[in-house]
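# Analysis of the macromolecular model
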Amino acid sequence: MESRLDSLRDEADALLKAGQETLTRDINESLNYALAIAEMPALRWYLAAQDRPPRADQAYSLSDLSQLSNFLNTLISHNPRYTKLVLIDNQGREVLRAPKSSETGPRVGGNHHAFTDYFEEASSLLPRDLYISPPGRNLQFELLGKDIIPVVNVSTPVFDAAGERRGVVLLSLNWDYLIIALRQAMLLDQSANTLLIDAQGRWLLDEGIPPLNTTSFGSDFSSLSPLYWQALQQRNAGHTTVDNHLLRFQTEDIRTQRYRSLAGSIFSENSYHPWKLGVTLPLPTWRSLIEEETTVLWFLLLTYGVAVAFGIFWAFSSQRQRQLRKAAQRHAYEVSDLYENAPCGYHSLDTTGRVIKMNRTELAWLGYSAQEIIGQLDYRELITPETRDQFEKAFQKVKNNQSGSAECSLLTRNGEQRHVMIQASAFYRNGQFVHSRATVFDLTERKQLEEKLRAQAMTDPLTGVFNRRYLQTQATAEISRARRQNHPIALIAIDIDHFKQINDIYGHDVGDDVLTSFTKIVADLLRQEDLLCRVGGEEFALLLPNTSLSHAEQVAERIRSTAAATSINVSEDHSEKVLWLTASLGVTAILSNEKTLKAALKRADIGLYQAKENGRNQVVVNAG
Ligand SMILES: Nc1nc2c(ncn2[C@@H]2O[C@H](COP(=O)(O)OP(=O)(O)OP(=O)(O)O)[C@@H](O)[C@H]2O)c(=O)[nH]1
């Protein structure tokens, strides 16, 4: 926009300059024309001849004068710039007029030119001085063809060769012709409008300018358009903005400015000068700029398109970036959550074994906070001394960039132990061990389950005492220990008497209750190291480590007597019953040469059989 304004100013300068030159050139030419005519010798002589008859020795004959008249007639008739040429004598009488046939101008007869401004002014001027009348003033209109046109009268005095004043030459300029030339010179741009206003604010052109299109020559422009008038009055020349137009104007005084000829002084009426010559150009708007410059339009459209495309791309890409960022955050959170809250423990140790990282799960197992462990403790301090060796071996392997695993027991803060499996590998960088990466599986529950299963496999589910299988496994160990320690070891076989009757009378469930109660009666009589096992339906075997045969007999007798003296409460069909029962027992010692229980069991069974045979509720020792 700024550059368009600059170029608009340049354009206005150029147009104004063209107008100035046309105006100056045309007026100058007219002035020179008038001077040249006034100095024609034939014309001087012709004027002088008006006062006295020509002498025979005169250089010019009457026919010459006729030729002069024809010459001037032809000159003016063929030059549309002038409407007439008039020679006036010192008395103001018209002595010659061209064109002869012209009916233009006020018909001044007699010496009536004597009272005109052009005659009065020129009559007092020196040779080569000129007078210019204001355009179209008073009687300065002429009928040309069918139009009444304004004229400017240019007059200059005529002197003869002796320097005697002989009259005045009047040349009338066709003002329309002059301003058409002016406007043509300034109409290079269709949107440009020309202004020419005299010092009184009179419009000197034939047409107005928008919006004062109806203005015509002689209108009082100062009151029709005060805005323009005010702007023109403020300075002699310059640029200004009026009514969305750029106005470039210049003060023109044809009496003084740029007049290049042999003329002397130029006179005119002061109140009509100087004129203001100007040009207006509409100020550019964005719309006009775009209309003028389709490239600008395309550029703007392109810029707009690129901006919109970039905006859309940016919106999509930032949305995509947000989605990616969110996905990355979610992923990071999931990874962190997986690490921290996995069902197994994770930790990393530096080369010395110090904990540098540990997840929440393992911290929870151990009962410590991260601050208490990370960077503070050697992992070895968390392992029971019994399993520390296994850890150490595995850790050395890991430091050598191999994978290592160890089953260890961890010591928790509250003194419990957690049996774990640690599997680890190394994080190496540039061939250097940086830290270990270990996964810790808690085997405590599995261990407990294993023990439970093992215990179940060794236990009689009804009575809770050991079963036959356990007796056989454990007996071997006990026998070997007894032999090692040279301690006696004894075995008692126990069988409840007439148990079948209990089942038959009270039912199998009551039989089960009786079995359980009997077991408790026996177990309560035993030491911790004694091993009571249910080896059959109502048969029990009792292994007594560090017990002699005689002592075993005492134990057997105590069992028998207690069982016989202890009532057993059972319920049958919602009624309570009290039962009494007895048991038969066979006692034997495990001999020092026996490695298994087999023979001893047989002996004890024989003793038991004898007890049954002897009437039941008794103890029989079978020493073997
Ligand atoms: N309720 C119950 N009965 C059992 C169980 N195991 C075995 N019995 C029963 O115990 C009874 C054992 O009977 P027998 O071998 O004839 O011996 P008894 O009746 O005790 O006679 P003696 O041993 O000769 O005094 C059988 O009826 C078995 O069915 C058990 O787990 N529960």
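You'll find the structure just up there.
Residues numbered from 1 in each chain as written. Predicted model: local features only at pLDDT ≥ 70, side-chain atom pairs only at ≥ 80, totals over all residues.

### Brief notes about the nonpolar core
Most often, soluble globular proteins keep nonpolar side chains buried together rather than apart. A34, V169, L171 and L196 are the most contacted members of the largest nonpolar core, which has 67 residues in total. With 11 residues, the single largest contributor to this core is helix α1 (residues 2–38). Sequence-distant contacts of A34, that is, excluding residues within four places in its chain, are made with L130, V154, T156, V169 and L171. Grouped together as the second largest cluster of nonpolar side chains are 48 residues, I568, L585, I590 and L601 included. (Core = buried A, V, L, I, M, F, W, Y, C linked by C-beta atoms within 7 Å. Buried ≥ 20, exposed ≤ 12 C-beta atoms within 10 Å, placed from the backbone. Helix = DSSP H or I, 4+ residues; strand = E, 2+ residues; numbered from the N terminus. Contact = placed C-beta atoms within 7 Å.)

### What about the sheet that holds strand β17 (residues 466–467)?
Read across the sheet, 6 strands follow the order β17-β19-β20-β18-β23-β24 without closing on themselves; strand pairing throughout is mixed. Sheet topology places β17 and β24 (619–621) at the edges, where each strand pairs with a single neighbour. The strands touched by helix α17 (residues 549–565) within the sheet are β18 (489–496), β20 (539–545), β23 (583–589) and β24, with β23 carrying the most contacts at an inclination of about 170°. (Pairing = 2+ DSSP bridges. Axes fitted to C-alpha atoms, helices over the stretch in contact; angles between N-to-C directions.)

### So, the site of the ligand
With respect to spatial proximity, 16 residues lie near the ligand, and among them D497, F499, K500, G511 and G537 are the closest. For the shell around the ligand, the secondary-structure elements that each account for two or more residues are β18, α15 (499–506) and α16 (508–523). At 4 residues, the largest contribution of residues to the shell around the ligand is made by α16. Taken together, the residues that form the shell around the ligand break down as 4 nonpolar, 5 polar and 7 charged. (Near = placed C-beta within 6 Å. Nonpolar A, V, L, I, M, F, W, Y, C, P; charged D, E, K, R; others polar.)

### Some remarks on the packing of α15 against α16
Helix packing geometry: the angle between the two helix axes and the distance between the axes. The contact between α15 and α16 brings their axes to 6 Å, and the two run at 140°. By the criterion of interaxial angle, the relationship of α15 to α16 is oblique. Note on element contacts: α16 touches α15 through H508, V510, G511 and V514, opposite F499, I502, N503 and Y506. Each residue belonging to the contact of α15 with α16 can be placed in one class, and the counts come to 5 nonpolar, 3 polar and no charged. (Parallel < 35°, antiparallel > 145°, perpendicular 65-115°, else oblique.)

### Quick look at the pairing of strand β5 (residues 147–159)
Of all 13 residues in β5, 10 are buried, a share of seventy percent or more. Two strands pair when backbone bridges link them, and strand β3 (residues 130–132) and β5 are joined in this way by 2 bridges, in the antiparallel orientation. The partner of Y131 across the bridge, within β5, is S155. What sits between the antiparallel neighbours strand β4 (residues 141–144) and β5 is a turn of 2 residues, in which G145 has the positive phi angle 65°. Bridge analysis of β5 against strand β6 (residues 165–174) gives 9 bridges, and the strand direction is antiparallel. Each residue of the ladder has a partner; that of F159, found in β6, is R165.

### Quick word on helix α14 (residues 468–485)
Along its 18 residues, α14 runs 25 Å from first to last C-alpha, staying within 8% of the 26 Å computed at 1.5 Å per residue. Taken together, the buried positions of α14 are occupied by L471, A475, E478 and I479. Where α14 is buried, its residues meet β17, β18, β19 (531–534) and β20. N486 lies just past α14 and shows a positive phi near 60°. (Expected span 1.5 Å × (residues − 1).)

Bear in mind that shape data such as this cannot, by itself, settle questions of function.
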